Amino acid sequence: MGDCFVSDIDLEVLWNSVYRKLRSELGDPVVDSWISPLSPGKLDGDTLHLVAPSMFFRDWVLNNYHRRIVDLCNQENSCIKRVDISVLSQEEVAESVRTKSKAVSTKNKSDDAAGLSIPLDPKLTFENFVVGKPNELAYAAALRVAESDSVAFNPLFLYGAVGLGKTHLMHAIAWSIKHRSPSRNIAYMSAEKFMYHFVRSVRYKDTMAFKDQFRAVDVLMIDDIQFICGKESTQEEFFHTFNALVDNNRQVIVSADKSPSDLDGMEERLKSRLGWGLVADIHPTTYELRLGILHAKAAACTVKIPDKVLEFVAHKVTSNVRELEGALNRIIASAVFIGREITVENAREVLSDLLRTSERKVTIEEIQKKVAVHYAIKLSDMFSPRRARQLALPRQIAMYLAKKLTTLSLPEIGKSFGGKNHTTVLHAVKKINKLIDSDNSVSEDIKLLTHILIR
Ligand code: ADP
Ligand code: MG
């Protein structure tokens, strides 16, 4: 069994290779829809565990591509006899997306500046990046770095939550620089890869070569720097590399999921150094930006998607652009492969698991506000102990909705209503359940409020 040990990084490499073969066998649309969302989990004995974002995906991949995936994995590493696909929770998906290095096509070996860079994704260019209020600063800064011949600010630090376009902008900068000045040496890699190079150089007692290699770079781009938080020796090495490059007027570009000062587990001197240049954040998407992105993606696709469906998706899938693209891909796939008509109703069904998680994000404050507005009472009446029916009923309806639409417990809900006991909340929930059956105006109100809240 000793041969079967595969490190996380080797597993990524193995999966990338399988992924590339699948892309050439099955074509871009199939791979973008069904294979890209899979990520390698771990190797356990002779079984490779892959992770899919939903049951729908898992079943489709198992029914259609499983055999081929097993064969290709087995060709890569003969230890692998079985491939199992499981489904992760949304939080776990976000986490795995964050650390997953992108599987991309290799076009040209000489692209790999100093043999360090990972291949760039041809789709991630400035042209394909839709600009809106939430990302305009980051976009402008990225463009400036890409297009100026001198070092404008050093480093450029891009940060924002997962799936909002950091990696996209970094690839775009790299493409643009490559295009304008092909001779400049660009090294783009994840912080994980940086650590991998470093750890390997230490293991093979080859740190001088490591240093030389990195210091010969004109533009160093490190994606997801938060990965090295808590990894002291890698940080130390990065700090020296960083300083050497900046001192020599070479451009450094870094991305992270947080601002430099919020990077817990990062050395103080590195935090402060990272904040010296331009720090640009990418905010969560707005409805307008989501719709813009969907229109751009839909225009590049052969099937026609009604505007109503795009608007529906822009309304519903609010977490990040990656999920937005995933949602659109699924709708396209259901039309192309299963022959479904593209309608809002069908989209709702295809996306049911995604929608459930976004519906859960209703907050108790929103519920209280909307219910107060609906019944024309003051927001403060939600927290008051007064029992007059015109106040108590709305309050009980709000408690009922909080139980139904959030994951909060009865005591937590009670607390948010001016420190009420959990039995008070339970009583409210029971009472409203009864009223829904017996009182038409209450049941209509609940329907309307629910609709407003999970819109
Ligand atoms: P991050 O690195 O911030 O986690 P990515 O750059 O990987 O996010 O973006 C996730 C996906 O969303 C990618 O496929 C990317 O092309 C797409 N994307 C993100 N922002 C935009 C945008 N403004 N316009 C077009 N596509 C976008
Ligand atoms: Mg990224």
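Being a predicted model, the structure only gives us computed values, none of them experimental.

Chemist: I would appreciate a short explanation of helix H12 (residues 287–299) in the present structure.
Modeler: One full turn of an α-helix is made of 3.6 residues, so residues set three or four places apart face in the same direction. Taking 1.5 Å of rise per residue, the 13 residues of H12 would be expected to cover 18 Å, and the 18 Å separating its terminal C-alpha atoms lies within 8% of that figure. Burial in H12 covers these residues: Leu-289, Arg-290, Leu-291, Ile-293, Leu-294 and Ala-298. Against the buried residues of H12 lie helix H13 (307–316) and helix H14 (321–338).

Chemist: Please explain the sheet that holds strand E5 (residues 186–190) as it appears in this structure.
Modeler: Adjacent strands of a sheet form backbone hydrogen bonds with each other and so pair up, either parallel or antiparallel. An order of E5-E6-E7-E4-E8 is seen for the five strands of this open sheet, with the pairing classed as parallel. The two strands at the open ends of the sheet, each matched to only one other strand, are E5 and strand E8 (278–282). Between one strand axis and the next, the sheet turns through 15° on average, direction left out of account. Two elements, strand E6 (residues 219–223) and strand E7 (residues 251–256), share four bridges in a ladder whose sense is parallel. Of the residues in E7, the one forming a bridge with Ile-222 is Val-254. Most of the contacts of helix H8 (residues 191–203) go to E5, to which it runs at about 100°, and overall it touches E5 and E6.

Chemist: Got a minute to help me understand the environment of Leu-435 in this structure?
Modeler: Mapped onto the secondary structure, Leu-435 falls in helix H20 (residues 422–438). Residue Leu-435 is classed as buried on the basis of its relative accessible area of 16%. Sequence-distant contacts of Leu-435, defined by excluding residues within four places in its chain, comprise Leu-393 and Val-442.

Chemist: I'm lost on the confidence of the model for the protein chain in this one. Help?
Modeler: Low pLDDT marks regions whose predicted coordinates should not be analysed in detail. On average, residues of the protein chain score 88 in pLDDT, and 91% of them reach the 70 mark or higher. Across residues 96–114 the pLDDT falls below 50, and counting only partners more than four positions away or on other chains, this stretch makes 40 contacts in the model.

Chemist: I'm lost on the state of the cysteines in this one. Help?
Modeler: Two cysteines, two sulfur atoms, one covalent bond between them: this is a disulfide. All told, the structure shown has zero disulfides when counted by the stated rule. This cysteine, Cys-73, is not joined by any disulfide, and Cys-79 carries the nearest cysteine sulfur, 12 Å off.

Chemist: Sorry if this is basic, but what is going on with a nonpolar patch on the surface here?
Modeler: A contiguous nonpolar patch, built from Val-336, Phe-337 and Ile-338 and spanning about 240 Å² of accessible area, is present on the exposed surface. Tracing the backbone shows Ile-338 in helix H14. Taking relative accessible area as the criterion, Ile-338 reaches 44% and is therefore assigned partly exposed.

Chemist: Can you help me understand the packing of aromatic side chains in this one?
Modeler: One pair of aromatic rings is described through two measures. These are the centre distance and the angle between the planes. Under the counting rule described, the total for this entry stands at twelve aromatic pairs. Both rings, one in Trp-34 and one in Trp-60, keep their centres 5.0 Å apart while their planes meet at 20°; by these two values the pair is stacked. Residue Trp-34 is found in helix H2 (residues 28–35), and its partner Trp-60 is found in helix H3 (residues 55–64); the two are separated by 26 residues along the sequence. For the pair formed by Trp-34 and Trp-60, the shared burial category is buried. A ring pair is formed by Phe-194 and Phe-238, whose centres lie 5.5 Å apart and whose planes are at 90°; its orientation type is edge-to-face. Of this pair, Phe-194 sits in helix H8 while Phe-238 sits in helix H10 (residues 232–247), and the two are 44 residues apart along the sequence. For Phe-194, a relative accessible area of 1% puts it in the buried group.

Chemist: Before we go on, may I ask you to explain the site of ligand 1 in this structure?
Modeler: Lining the immediate environment of ligand 1, one finds 18 residues, of which Val-130, Gly-163, Thr-167, His-168 and Glu-325 sit closest. At a separation of 3.3 Å, a nitrogen atom of ligand 1 approaches a polar side-chain atom of Asn-135. Leu-164 has a polar backbone atom sitting 3.3 Å from an oxygen atom of ligand 1. Bound to the protein, ligand 1 loses 95% of the 550 Å² it would expose on its own. Of all elements in the fold, only helix H7 (166–180), H12 and H14 reach the threshold of two or more residues within the shell around ligand 1. Of the residues assigned to the shell around ligand 1, the class counts are eight nonpolar, six polar and four charged. The residue makeup of the shell around ligand 1 includes at least three contributed by each of domain 2 (98–282) and domain 3 (287–358).

Chemist: Can you help me understand the packing of helix H17 (residues 364–374) against helix H21 (residues 440–454) in this one?
Modeler: A pair of packed helices is captured by two measures, namely the crossing angle of their axes and the spacing between those axes. Two numbers describe how H17 lies on H21: the axes approach to 11 Å, and their chain directions differ by 135°. Here H21 runs oblique to H17, going by the angle between their axes. Here H17 and H21 pass one another in a crossing that is right-handed. Of the residues in H21, those in contact with Glu-366, Ile-367, Lys-370, Val-371 and His-374 of H17 are Asp-445, Leu-448, Leu-449, Ile-452 and Leu-453. Residue classes in the contact of H17 with H21 are distributed as six nonpolar, one polar and three charged.

Chemist: What is the right way to read the sheet that holds strand E2 (residues 47–52) from this model?
Modeler: Here we have three strands laid out as an open sheet, ordered E1-E2-E3, and mixed in their pairing. Every interior strand has two partners, whereas the edge strands, strand E1 (39–44) and strand E3 (82–87), have only one. If you compare each strand with its neighbour and ignore which way they point, the axes differ by 25° on average.

How each quantity is defined
- Residues numbered from 1 in each chain as written.
- Chains lettered and ligands numbered in written order.
- Predicted model: local features only at pLDDT ≥ 70, side-chain atom pairs only at ≥ 80, totals over all residues.
- Heavy atoms only, no water.
- Helix = DSSP H or I, 4+ residues; strand = E, 2+ residues; numbered from the N terminus.
- Expected span 1.5 Å × (residues − 1).
- Buried < 20%, exposed > 50% of the residue type's maximum accessible area, 1.4 Å probe, protein only.
- Contact = heavy atoms within 4.5 Å.
- Pairing = 2+ DSSP bridges.
- Axes fitted to C-alpha atoms, helices over the stretch in contact; angles between N-to-C directions.
- pLDDT = per-residue confidence, 0-100.
- Disulfide = S-S within 2.5 Å.
- Patch = residues over 30% accessible without salt bridge, like charges linked within 9 Å, V, L, I, M, F, W, Y side chains within 5 Å.
- Areas by Shrake-Rupley, 256 points an atom, 1.4 Å probe, with all protein chains shown as cover.
- Salt bridge = Lys/Arg side-chain N within 4 Å of Asp/Glu carboxyl O.
- Phe/Tyr/Trp six-rings, centres within 6.5 Å; stacked < 30°, edge-to-face > 60°.
- Near = heavy atom within 4 Å.
- Polar contact = N/O pair within 3.5 Å; in protein donor to acceptor, adjacent residues only side chain to side chain.
- Nonpolar A, V, L, I, M, F, W, Y, C, P; charged D, E, K, R; others polar.
- Domains from an automatic or database assignment.
- Parallel < 35°, antiparallel > 145°, perpendicular 65-115°, else oblique.
- Left-handed = near helix turned anticlockwise from the far one by under 90°.

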